[in-house]
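What the coordinates show
One letter stands for each residue in the lines below.
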Amino acid sequence: QEEDAQPLTEPIIQPVRLKKFSHEVQDLPTTVYDLEFMTDLMDSTELIRNVAFVGHLHHGKTAFIDCIVEQTHPELKTKEGKAFRFTDILYTEQERGVSIKSTPITVVMQDLKSKSYLMNIMDTPGHVNFSDEVTAAIRLCDGIVLFVDAAEGVMLNTERLLRHAVQEGLAITVCINKIDRLILELKLPPNDAYFKIKYILDEINSLIA
């Protein structure tokens, strides 16, 4: 057969088509609380808290949200040997292991007196190239949780985010993350690890002052 049997309407080389750019949860996941109770909390503005998780790159913001998701969603568990990264919904975020877009998640959590609050948590990127996403999240929120790696300490981006939150007049909560690195990687004795953490807190307080 000398003539090409392929019709002219079909290209010789098919283009690569990505049908989806992001992961999507089709059905509502099972939660430890009633979803109707969560929607009822939305009517009470005094019980709603908007919080942004901010910090330098790879300081544990997305992993912290994964811990919250595991506590509130019993069916969603971390697979062994693979990071969960529930709020990294873009395929590029999953492949590179870096958050690119600010992603919100709503959960019901309790305080020390077992009073329930509706928490709208924003997982923000830590890379300085995506600082516009963090700025938008900070404008939406009532307060921030500043994540600091115990081994790396206060980085340049951490300092910038802290000053931004102070400028906006937000409530600031500090979370010193990855304390196990002081023992496993830096091999610090308990006394030196204490002074390392104390130095981080003193540095943050000096930046705020």
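Residues numbered from 1 in each chain as written. Predicted model: local features only at pLDDT ≥ 70, side-chain atom pairs only at ≥ 80, totals over all residues. Heavy atoms only, no water.

As recorded by an unreviewed UniProt entry, the chain carries the name Tr-type G domain-containing protein and is attributed to Medioppia subpectinata. The Subcellular location (unreviewed entry) comment attached to the chain in UniProt states, word for word, "Nucleus". (UniProt positions renumbered as here; feature names shortened; annotations may be inferred.)

1. Section: helix H2 (residues 61-72)
In this model H2 runs 17 Å from its N-terminal to its C-terminal C-alpha over twelve residues, within 8% of the 16 Å that 1.5 Å per residue would give. Among the residues of H2, those classed as buried are Lys61, Thr62, Ile65, Asp66, Ile68, Val69 and Thr72. Take H2 and look down its axis: the buried residues cluster within an arc of 165°, on one side only. Buried residues along H2 sit against strand S1 (48-55), strand S2 (103-110), strand S3 (116-123) and strand S4 (143-149). (Helix = DSSP H or I, 4+ residues; strand = E, 2+ residues; numbered from the N terminus. Expected span 1.5 Å × (residues − 1). Buried < 20%, exposed > 50% of the residue type's maximum accessible area, 1.4 Å probe, protein only. Arc of directions from axis to C-beta. Contact = heavy atoms within 4.5 Å.)

2. Notes on the pairing of strand S5 (residues 171-177)
For a regular strand, the rule is simple: side chains alternate between the two faces of the sheet. Of the strand pairs in this sheet, S4 and S5 are connected by seven bridges, and their pairing is parallel. Residue pairing across strands places Val145 opposite Thr173, the latter belonging to S5. Read as a crossover between parallel neighbours, the route from S4 over helix H5 (residues 156-168) to S5 is right-handed. (Pairing = 2+ DSSP bridges. Right-handed = clockwise from strand over helix to strand, strands pointing away.)

3. Some remarks on the packing of helix H4 (residues 131-140) against H5
Here H4 crosses H5 at 30°, and the two axes come no closer than 11 Å. Classified by the angle their axes make, H4 and H5 are roughly parallel. Between H4 and H5 the crossing geometry is right-handed. From H4, Ser131, Val134, Thr135, Ile138 and Arg139 reach across to H5, where they touch Arg160, Leu161, His164 and Glu168. Considering only residue class, the contact of H4 with H5 consists of three nonpolar, three polar and three charged. (Axes fitted to C-alpha atoms, helices over the stretch in contact; angles between N-to-C directions. Parallel < 35°, antiparallel > 145°, perpendicular 65-115°, else oblique. Left-handed = near helix turned anticlockwise from the far one by under 90°. Nonpolar A, V, L, I, M, F, W, Y, C, P; charged D, E, K, R; others polar.)

4. Overview of the packing of aromatic side chains
By the definition in use, this model includes four aromatic pairs. Ring centres of Phe53 and Phe147 lie 5.2 Å apart, and the angle between their planes is 55°; on these two criteria the pair is classed as tilted. Here the residue Phe53 occupies a position in strand S1, and Phe147 occupies one in strand S4, the gap between them amounting to 94 residues. Taken individually, Phe53 and Phe147 each receive the classification buried, so the pair is uniform in this respect. Each ring, one from Tyr194 and one from Phe195, has its centre 5.3 Å from the other, and the planes form 70°; the classification is edge-to-face. Judged by relative accessible area, Phe195 falls into the partly exposed class, the value being 46%. An aromatic cluster is defined as three or more aromatic residues linked by ring pairs; in this entry it consists of Phe53, Phe64 and Phe147. (Phe/Tyr/Trp six-rings, centres within 6.5 Å; stacked < 30°, edge-to-face > 60°.)

5. Re unusual backbone geometry
Within the chain, His58 stands out as a residue other than glycine whose phi angle is a positive 60°. Relative to the helices and strands, His58 resides in the loop between S1 and H2. In this structure, Ser114 takes a positive phi of about 65° despite not being glycine. Within the fold, Ser114 resides in the loop between S2 and S3.

6. So, the pattern of salt bridges
Taken as a whole and assessed by the stated rule, the structure comprises nine salt bridges. Linking Lys178 and Asp149 is a salt bridge whose minimum nitrogen-to-oxygen distance equals 4.0 Å. In this pair, Lys178 sits in the loop between S5 and helix H6 (180-184) while Asp149 sits in strand S4, placing the two residues 29 residues apart along the sequence. For Lys178, a relative accessible area of 28% translates into the label partly exposed. With its nearest N and O atoms 3.7 Å apart, the salt bridge here joins Arg181 to Glu152. Here Glu152 lies in the loop between S4 and H5 and Arg181 lies in helix H6, a separation of 29 residues in the sequence. Look at the salt bridges and you will find they share partners, linking Asp149, Glu152, Lys178, Arg181 and Glu185 into a network. (Salt bridge = Lys/Arg side-chain N within 4 Å of Asp/Glu carboxyl O.)

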